[in-house]
Amino acid sequence: MAVVETRGLRKRFGDTVAVDGIDLLTGEGEYLVLLGPSGCGKTTLLRLIAGLESPSEGDVLIGGRAVTSLPPRARRIAMVFQSYALYPHKSVSRNIAFPLAAAGVPKDEWRQRIHWAASLLGIEHLLDRKPRELSGGERQRVALARAMVREPEVFLLDEPLSNLDAKLRATARDELKQFQQRIGTTTVYVTHDQTEAMGLGERIAVLEHGRIQQIGSPREIYEDPANAFVATFVGAPPMNLLQRNGMLVGFRPEHFLPESAAGGRAGLQRLSFKVGRVEYLGSDRYVYGRVPEVDPEAKVVAKLPSTVPDVVPSGETVPFVVPLDALRFFDRDTGVRKPPPPGPIA
Ligand code: ATP
């Protein structure tokens with residue numbers, strides 16, 4: 001186990017600044033997720049940590065040791081990419097053994113190491129098969145076994161589940177989490193999928209334009225977003241944002257409920273919701289509309305659990321409420337989080 005640190009890390013490709021001055025420090029054995037939209041620099045950051053790219057500026061430290069000028073193989077890291085790139089003509093066992101040969105590990109140690117990695121991932125019964133005889137999830141486990149057979153101090157995973165279908169992805173995510181808890185290797189995991197990030201990460205670093213926008217536990221990121229970008233990138237549907245007096249007023253769709261369903265609780269902000277379309281989704285209903293008294297332009301969505309009675313007819317204006325402590329405020333121009341202003345918002 002080792003901590004991963006980056007100091008003032010920057011990477012330019014011509015005019016593009018892919019990574020723009022990143023300072024990052026993982027905990028020992030931590031599962032850190034890098035989350036952000038396509039092109040925000042996640043993969044480049046991971047490749048810089050791995051040594052597959054060299055930085056334009058800044059340093060990478062692994063286990064407190066500067067490794068910026070060292071090649072990947074000297075960094076005691078293992079990487080698993082989106083495409084596992086298993087050798088199709090080699091058996092699972094030989095695929096797992098491949099890094100041992102490359103690292104010059106004596107042959108009499110191979111068997112024991114292969115079985116150790118395979119048993120941790122529950123694939124011992126597959127060792128004689130070829131990759132084409134495996135399911136997507138099994139191939140992913142072989143790729144992980146191959147990555148860990150050298151007993152790395154750090155795992156770097158780049159969207160390793162994106163080739164799997166939705167159901168298998170949920171299972172694989174669960175397995176990956178259990179596996180990491182068992183071995184406790186520091187892991188940096190790249191994804192653009194927020195469900196994956198929330199489910200796997202001890203902490204999440206949200207990136208945009210090559211910069212970390214916020215780093216914190218999934219709960220901190222969701223409940224206390226540092227700026228309007230994080231507020232709207234994390235959460236589905238995203239946080240509602242309405243313009244009011246030079247500020248953006250934010251609240252999550254699940255906090256926006258019909259007044260009749262709020263049971264007369266105190267500490268509520270009342271808002272008249274002009275209901276447009278209602279979408280029935282089984283466990284929830286999404287109700288789309290506007291709150292013209294605050295911001296006539298902004299689209300607003302309420303996420304109502306099926307336990308809330310159907311009291312929102314399309315085309316009508318219905319009294320809705322948001323708990324005051326669920327309101328979040330951001331600067332309209334910079335998007336930076338602000339303290340709540342005095343007085344009601346409508
Ligand atoms: P995705 O989720 O789509 O994989 P990402 O967040 O991983 O995106 P990167 O692949 O790190 O993003 O790319 C960040 C930026 O750097 C993008 O604008 C990309 O076009 C650019 N970039 C990445 N690699 C190179 C390269 N080798 N040459 C030139 N530009 C590059």
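Look above for the structure.
The structure presented is a predicted model; accordingly, all values stated were derived computationally and were not measured. Each chain carries its own residue numbering, running from 1 in the written order of its sequence. The predicted origin of the model limits local features to residues at a pLDDT of at least 70 and limits the giving and counting of side-chain atom pairs to 80 or more, whereas totals for whole chains, interfaces and linings rest on all residues. Each side-chain value is derived from all of the structure's non-hydrogen atoms; neither hydrogens nor water enter the calculation.

Draft legend 1. Geometry of the overall build of the protein chain. Summing up its helical and strand segments, the protein chain has 8 helices and 19 strands in all. Taken along the three principal axes of its C-alpha coordinates, the protein chain extends 75 × 45 × 35 Å. Only protein chains enter the calculation, and the probe is 1.4 Å; a residue is then buried if its accessible area is under 20% of its type maximum, exposed if over 50%, and partly exposed in between. Out of the 346 residues belonging to the protein chain, those deemed buried represent 49%. Contacts between residues were defined by any pair of non-hydrogen atoms, one from each residue, lying within 4.5 Å. A sequence separation of at least 24 residues applies to 64% of the contacts in the protein chain between residues at least 6 apart. Of the roughly 16400 Å² that the protein chain leaves accessible, carbon and sulfur atoms contribute 49%. Counting 44 positive and 41 negative side-chain charges, the protein chain places the centres of these two groups 4 Å from one another. Secondary structure follows DSSP: runs of H or I at least 4 residues long count as helices, runs of E at least 2 residues long count as strands, and numbering of each begins at the N terminus. All accessible-area figures derive from a Shrake-Rupley calculation using a 1.4 Å probe, and residue coverage is judged against the displayed protein chains alone. As used throughout, the charge tally considers Lys and Arg to be positive and Asp and Glu to be negative, leaving His and the chain termini uncounted. Charge positions are represented by NZ for Lys, CZ for Arg, CG for Asp and CD for Glu.

Draft legend 2. Just the environment of Glu-316, in detail. Position of Glu-316 relative to the elements: it lies in the loop between β16 (295-305) and β17 (317-323). In the structure, Glu-316 is positioned 27 residues away from Gly-289 in sequence and 9.8 Å away in space, judged by C-alpha atoms. If we skip the residues at most four places from it in the chain, Glu-316 touches Phe-273, Lys-274 and Val-275.

Draft legend 3. Spotlight on the site of the ligand. A cutoff of 4 Å decides nearness: a residue is near a molecule or strand if any of its heavy atoms lies inside that distance of it. Near the ligand the following residues occur: Phe-13, Thr-16, Ala-18, Pro-37, Ser-38, Gly-39, Cys-40, Gly-41, Lys-42, Thr-43 and Thr-44. In isolation the ligand has 630 Å² of accessible area, and contact with the protein removes 57% of it. If you list the elements that add at least two residues to the shell around the ligand, you get β2 (16-25) and α1 (42-50). The leading source of residues in the shell around the ligand is α1, at 3 residues. Classes in brief: Ala, Val, Leu, Ile, Met, Phe, Trp, Tyr, Cys and Pro nonpolar; Asp, Glu, Lys and Arg charged; the others, Gly included, polar. Of the residues in the shell around the ligand, the class split is 4 nonpolar, 6 polar and 1 charged.

Draft legend 4. Quick look at the nonpolar core. Grouped together as the largest cluster of nonpolar side chains are 46 residues, with contacts concentrated most on Ile-96, Ile-123, Leu-157, Leu-176 and Tyr-189. Considering each element in turn, this core owes the most residues, 6 residues, to helix α4 (residues 136-148). With residues up to four places along the chain from it excluded, the contact list for Tyr-189 reads Tyr-31, Leu-32, Val-33, Leu-34, Leu-157, Pro-160, Leu-161, Leu-176, Glu-196 and Leu-200. We call a set of buried residues a nonpolar core when its members are Ala, Val, Leu, Ile, Met, Phe, Trp, Tyr or Cys and they connect through side-chain atoms within 4.5 Å of each other.

Draft legend 5. Structural detail: the packing of aromatic side chains. Pairing of aromatic side chains here covers Phe, Tyr and the six-membered ring of Trp, requires ring centres within 6.5 Å, and sorts the geometry by plane angle: under 30 degrees stacked, over 60 edge-to-face, intermediate tilted. Using the criterion set out here, one finds 8 aromatic pairs in the structure. With centroids separated by 6.5 Å and ring planes inclined at 80 degrees, the aromatic side chains of Tyr-286 and Tyr-288 adopt a geometry described as edge-to-face. Residue classification places Tyr-286 among the buried positions, given a relative accessible area of 15%. Of the aromatic side chains, those joined through ring pairs into one cluster are Phe-251, Phe-256, Phe-273 and Phe-320. Sitting over the ring of Tyr-87, Lys-90 keeps its end group 5.5 Å from the ring centre. To sit over a ring, a charge needs its Lys NZ or Arg CZ within 6 Å of the ring centre and within 35 degrees of the ring normal.

Draft legend 6. Summary view of unusual backbone geometry. Here the residue pair Ala-236 and Pro-237 is connected by a cis peptide bond, since its omega of -10 degrees sits within 30 degrees of zero. Inspection of the secondary structure puts Pro-237 in the loop between α8 (228-233) and β11 (240-244). A positive phi is found at Asn-245, a non-glycine position, where the angle reads about 50 degrees. With respect to the helices, strands and loops of the structure, Asn-245 is situated in the loop between β11 and β12 (247-251).

Draft legend 7. Up close: the sheet that holds strand β4 (residues 57-62). By this definition, two strands are paired if DSSP reports at least two bridges between them. A sheet is described by the order of its strands in space; here 4 strands give the open sequence β2-β1-β4-β5, paired in antiparallel fashion. Since the sheet does not close on itself, it has two edges, and those belong to β2 and β5 (65-66), each with one partner. With 2 bridges connecting them, β4 and β5 associate as antiparallel partners. Its bridge partner being in β5, Leu-61 is matched across the sheet by Ala-66. Where α1 meets the sheet, it contacts β1 (4-13), β2 and β4, and its direction lies at approximately 120 degrees from that of β1. Here an axis means a line fitted to C-alpha atoms, over the contact stretch when the element is a helix, while the angle between two N-to-C directions is reported on a 0 to 180 degree scale.

Draft legend 8. Inspection of the environment of Ala-117 at higher detail. Along the chain, the position of Ala-117 falls in helix α3 (residues 110-120). What makes Ala-117 buried here is its relative accessible area of 0%. For Ala-117 and Leu-281, which are 164 residues apart along the polypeptide, the C-alpha to C-alpha distance reads 42 Å. Residues contacting Ala-117, with those up to four places away along its chain left out, are Ala-145, Met-148 and Val-149.

Draft legend 9. Structural detail: the sheet that holds strand β7 (residues 154-158). Reading across from one edge, β6-β7-β8-β3-β9-β10 is the order of the 6 strands in this open sheet, with mixed pairing throughout. The open sheet has two free edges, formed respectively by β6 (77-80) and β10 (211-216), since each of these has just one partner strand. Across the sheet, the axes of successive neighbouring strands diverge by a mean angle of 15 degrees, strand direction being ignored. Sitting on the sheet, α1 is in contact with β3 (31-35), β6, β7, β8 (186-191) and β9 (203-208), with an inclination near 150 degrees to β7.

Draft legend 10. Inspection of the environment of Val-336 at higher detail. Relative to the assigned elements, Val-336 resides in the loop between β18 (328-331) and β19 (337-338). Taking relative accessible area as the criterion, Val-336 reaches 43% and is therefore assigned partly exposed. As for Val-336 and Pro-225, which are separated by 111 residues in sequence, their C-alpha atoms are 9.3 Å apart. Ignoring anything within four residues of it in the chain, the contact list for Val-336 reads Ala-226, Asn-227, Phe-329, Phe-330 and Asp-331.

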